[in-house]
Amino acid sequence: MKDKRQFIVWGLGRFGSSVAETLTSLGHEVLGIDNNEDVVENMADKLTHAVVCDVIDEKTVNSLGIRNFDVGVVAIGNLEPSLLATLLLKEAGLKTIVAKASNPIHGKMLKKLGATKIIYPERDMGRRVGHNLAYTNILDFVELSDNICLMEVNLSQSMAGKSLAELDVRRKYQVNVVAVKHRDGSTEMTLEPTKPLQEGDLLVVIGSRKSVEALEDGI
């Protein structure tokens with residue numbers, strides 16, 4: 001890890017607690033905030049700090065020193081509290097605010113109030129699961145932005161034994177292979193175009209939604 005950063009995760013439901021625990025496990029400092037005392041008590045030994053705080057209580061919020069944090073994550077499901085939390089983080093001067101939204105209108109409002117990135121957990125997971133179910137060769141699918149996708153492709157029998165140069169997926173489908181995962185669990189990121197791929201290898205590719213869908217249909 002290059003640097004240790006300080007995160008606020010506001011809202012410790014299933015999504016927020018998962019984000020907070022992951023950041024903590026990666027060695028970052030995490031302040032978890034929730035208005036439910038039982039939730040905070042359950043998370044207290046899993047995060048750097050966890051506090052009970054109602055988003056409407058601005059005095060308590062200000063006492064947390066939120067302006068000293070690097071990144072704020074607003075993981076509150078309810079509309080009004082999530083908007084207020086985003087506004088408070090923005091006013092405190094946080095440059096990076098990641099906010100969870102339940103629908104596009106909610107997302108637009110969060111953007112207006114200063115959120116720098118909007119996450120739609122249910123929509124994104126639904127798309128991910130849908131792609132994984134619809135295509136037998138697609139093992140994982142992640143949207144990095146509105147138009148850029150990353151996915152793992154299981155080599156078909158016809159692909160095994162061929163090299164990346166022979167497959168030529170960049171020209172055929174306008175996607176880039178960024179890594180090859182081998183059956184033994186190792187991952188190769190410095191790729192040799194002429195090296196034959198083995199049965200059981202996974203290609204990690206990145207490209208536009210259109211090009212990724214073309215690859216899905218072509219493999």
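Residues numbered from 1 in each chain as written. Predicted model: local features only at pLDDT ≥ 70, side-chain atom pairs only at ≥ 80, totals over all residues. Heavy atoms only, no water.

- The name given to the chain in an unreviewed UniProt entry is Trk system potassium uptake protein TrkA, with the source organism recorded as Acidaminococcus fermentans.

1. A closer look at the sheet that holds strand E5 (residues 96-100)
Thinking step 1. The six strands are arranged E3-E2-E1-E4-E5-E6 in an open sheet whose pairing can be described as parallel. Two strands lie at the open edges of the sheet, namely strand E3 (49-52) and strand E6 (117-119), each paired on one side alone. On average, adjacent strands in this sheet sit at an angle of 15° to one another, irrespective of strand direction. (Pairing = 2+ DSSP bridges. Helix = DSSP H or I, 4+ residues; strand = E, 2+ residues; numbered from the N terminus. Axes fitted to C-alpha atoms, helices over the stretch in contact; angles between N-to-C directions.)

2. What about the side chain of Ser 163?
Thinking step 1. By the element assignment, Ser 163 lies in the loop between strand E8 (148-154) and helix H7 (164-167).
Thinking step 2. A relative accessible area of 4% places Ser 163 in the buried class.
Thinking step 3. In this view, Ser 163 contacts Pro 193, Thr 194, Lys 195 and Pro 196; residues no more than four positions away in its chain are not counted. (Buried < 20%, exposed > 50% of the residue type's maximum accessible area, 1.4 Å probe, protein only. Contact = heavy atoms within 4.5 Å.)

3. Describing the environment of Ala 92
Thinking step 1. Mapped onto the elements, Ala 92 comes out in the loop between helix H4 (79-91) and E5.
Thinking step 2. By relative accessible area, which is 11% here, Ala 92 ends up buried.
Thinking step 3. Note: C-alpha distance between Ala 92 and Ile 66 (26 residues apart in sequence) is 6.6 Å.
Thinking step 4. Apart from residues lying up to four places away in sequence, Ala 92 is in contact with Ile 66 and Arg 67.

4. Side note on helix H1 (residues 14-25)
Thinking step 1. Counted at 1.5 Å a residue, the expected span for H1 with its 12 residues is 16 Å, and the 16 Å between its end C-alpha atoms agrees.
Thinking step 2. Contact partners of the buried residues in H1: strand E1 (6-10), strand E2 (29-34) and helix H2 (37-43).
Thinking step 3. Among the residues trailing H1, Gly 27 stands out with phi positive, at a value near 95°. (Expected span 1.5 Å × (residues − 1).)

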